[in-house]
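Chain by chain, the residues:
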Amino acid sequence: MNIDAAFDGGSIEVVADRGDGAFELALRPDTNAEDFRQWFCFTLRGARGQACTLTIGNAGQATYPDAFEGYRATASYDGRRWFRVPTSFDGERLVVSHTPRADRVTYAYFAPYPWDRHEKLLRRASRAPWVTVRTIGASVEGRAMGLVVVGEPGDGKLRIWVTARQHPGETMAEWFLEGLITRLADEDDEHAQALLGRAVFYLVPNMNPDGGVHGNLRANAAGRNLNRAWLDPSAETSPEVLCVREEMERTGVDLFLDVHGDERNPYCFLAGCEGNPGYSPRLRFLENVFEQSLCAHNSDFQDEYGYDRDEPGGGDLRTAGNWVGERFDCLSYTVEMPFKDNAIAPDEESGWSPERSMHLGACALDAVADTLDRLRGEIPFETDSEGDDEGDGEGEGEGDDDDEG
Ligand code: GEM
Ligand code: ZN
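What comes next concerns the included structure.

Rules behind the numbers
All residue numbers here refer to positions counted from 1 along the written sequence of the relevant chain. To read the labels, note that chains go from A and ligands from 1, taken in the order they are written. Local features in this predicted model are restricted to residues of pLDDT 70 or higher, and side-chain atom pairs are both shown and tallied only at a pLDDT of 80 or more, whereas totals for entire chains, interfaces and linings draw on every residue. Side-chain numbers here rest on the full set of heavy atoms in the structure, without hydrogens or water. By definition, two strands form a pair when at least two bridges between them are found by DSSP. Numbering of helices and strands runs from the N terminus, with a helix taken as a DSSP run of H or I at least four residues long and a strand as a DSSP run of E at least two residues long. In this analysis, rings of Phe, Tyr and Trp, with Trp reduced to its six-membered ring, are considered paired at centre separations within 6.5 Å, and the interplanar angle assigns stacked below 30 degrees, edge-to-face beyond 60, and tilted for intermediate values. For the exposure calls, accessible area comes from a 1.4 Å probe over protein chains only, and a residue counts as buried if that area is under 20% of its type's maximum, exposed if over 50%, partly exposed in between. Both a distance and an angle decide whether a charge sits over a ring: NZ of Lys or CZ of Arg must be within 6 Å of the ring centre and within 35 degrees of the ring normal. A contact between two residues is defined here by any heavy atoms of the two lying within 4.5 Å. Coordination partners: N, O, S within 2.8 Å of the metal, 3.2 Å for Na, K and Ca; water not considered, so apparent gaps in a site are possible. Each label reflects the angles at the metal, where four donors whose angles all fall between 85 and 135 degrees are tetrahedral, four or six donors whose opposite pairs open beyond 155 degrees and whose other angles stay between 65 and 115 are square planar or octahedral respectively, and the rest are irregular. One side-chain nitrogen of Lys or Arg within 4 Å of one carboxyl oxygen of Asp or Glu is enough to make a salt bridge.

What about the sheet that holds strand S1 (residues 2-4)?
Working step 1: Strand order in this open sheet of 5 strands is S1-S4-S10-S6-S7, and the pairing throughout is antiparallel. Edge positions in the open sheet fall to S1 and strand S7 (83-84), since each of these has one partner strand only.
Working step 2: Of the pairings in the sheet, the one linking strand S6 (residues 74-76) to strand S10 (residues 104-108) comprises 3 bridges and is antiparallel in character. Paired with Ser-76 across the bridge in S10 is Thr-106.

So this is what it looks like as structure tokens:
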């Protein structure tokens, strides 16, 4: 029996093989970022039929240790179908107890999104005549920053930008983009095709290629949390953000989504720009239209639970969602999906999954369609400046304040 993590997205430290399927393991920190550790992905070979106990002894020192409460690890025999396996957490040790049915099984914090799948997604999308894939820059280690452009830019066309996986371990974000891109590249999707007469889409499915390959949770290869680099991106430590910001300045932005995953909160939810200096009744109105539309189109989505709303002026402009919203005075949301399960619609076998992430991404297109005509128009009526305060959910704290790994 042996455990291996020397592959794209792999990350674990094997501390000891105790025999009879018992392994002592440890989470590895992100590249050049000791503060970030949570992601794990490794393959166990030769354990078919053996009751295995896989103990991650330092789970209590993870970036979000409390996020392991109520969490179940994902597993796969073929890298395509992922299911949840019995998992316990005692505040220090995370223990996976599983008897593999095959000689090869991979366990991960969430279903990985491998680089070769990323490249296949871009190749498949570019087969559609209305889709162009461009490289707009390079990561710290020189991997291509791929931009998928759907539709023809043109006067009066609205510019819809969507980015994913600034935090590379939040692989559900790239599954979401696969769902969205698949719809936009489908010639038989009448709604998607109709949208292309009024909008052009700029999509970055993987903002952090190096971090994904290294099996990082939040950092890029330079140890930077890219979602704290938007005020002052640098060519040396955050070229991934720099090249996307520069492209946004060339195209303009009328609607922005930055797609993430949340370790603690078992919900799908949105985080807006209510804390931005430029936040206005117009933007609150647009946020409500988009959010209510997503609720209507996808039963996994909800507007009751989420992060506490930012205080006026409390928006963190180092984050993509807040910086883009402020810079372009546009509707701008951070999209969150759970690492655990969706508490309003639990699925015992899979928990939250690639399939549910893809479906939510596909449904986001309907919310874009419902909001499109209002993005730059006048608000049709005076909005209550207080707006509705729904969404002040009981979610637990977002991300981490100390963010420079
Ligand atoms: C967050 S995303 C930050 C957005 N927050 C608000 N209130 N607009 C982060 O980057 O820490 C969580 C995540 O990474 O998913
Ligand atoms: Zn994130």
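So, the packing of aromatic side chains
Working step 1: One pass over the structure, following the stated rule, counts 18 aromatic pairs.
Working step 2: Between Phe-42 and Tyr-107 the ring centres are 5.7 Å apart and the planes differ by 40°, which places this aromatic pair in the tilted class. Of the two residues, Phe-42 sits in strand S4 (residues 41-45) while Tyr-107 sits in strand S10, which places them 65 residues apart along the sequence.
Working step 3: For the ring pair Phe-110 and Phe-339, a centre distance of 6.2 Å and an interplane angle of 90° mean the geometry is edge-to-face. Of this pair, Phe-110 sits in the loop between S10 and helix H1 (115-126) while Phe-339 sits in the loop between strand S17 (331-338) and helix H8 (354-372), and the two are 229 residues apart along the sequence. For the residue pair Phe-110 and Phe-339, the accessibility class agrees, reading buried in each case.
Working step 4: Above the ring of Phe-36, the side-chain terminus of Arg-218 is found at 6.0 Å from the ring centroid.
Working step 5: Its end group placed over the ring of Phe-328, Arg-327 keeps NZ or CZ at 4.5 Å from the ring centre.

Here's the deal with the environment of Arg-245
Working step 1: Mapped onto the elements of the fold, Arg-245 is located in helix H5 (residues 239-251).
Working step 2: Through-space distance from the C-alpha of Arg-245 to that of Pro-65 is 33 Å; in sequence the pair is 180 residues apart.
Working step 3: In this structure Arg-245 touches Trp-230, Leu-231, Pro-233 and Trp-323, once residues within four positions along its chain are discounted.

Overview of the coordination of the zinc ion (ligand 2)
Working step 1: Here the zinc ion (ligand 2) is held by the protein donor atoms His-167 (ND1), Glu-170 (OE), Glu-170 (OE) and His-260 (ND1), which lie 2.0 to 2.4 Å from it.
Working step 2: One can describe the site at the zinc ion (ligand 2) as irregular: its 6 donor atoms subtend angles covering 51 to 151° at the metal.
Working step 3: Donor residues for the zinc ion (ligand 2) sit on one chain with the sequence pattern H-x2-E-x89-H. Of this pair, Glu-170 sits in the loop between strand S13 (158-164) and helix H2 (172-184) while His-260 sits in strand S15 (residues 255-262); the two residues are 90 residues apart in sequence, bridging distant segments of the chain.

With respect to the pattern of salt bridges
Working step 1: Enumeration according to the criterion identifies 27 salt bridges in this entry.
Working step 2: Across the pair Glu-348 and Arg-72 runs a salt bridge, and its minimum N-O distance is 3.4 Å. In this pair, Glu-348 is assigned in the loop between S17 and H8 and Arg-72 in the loop between strand S5 (52-56) and S6, connecting sequence segments 276 residues apart.
Working step 3: Accessibility expressed as a relative area gives 65% for Glu-348, which makes it exposed.
Working step 4: Assessed through its relative accessible area of 23%, Arg-72 is described here as partly exposed.

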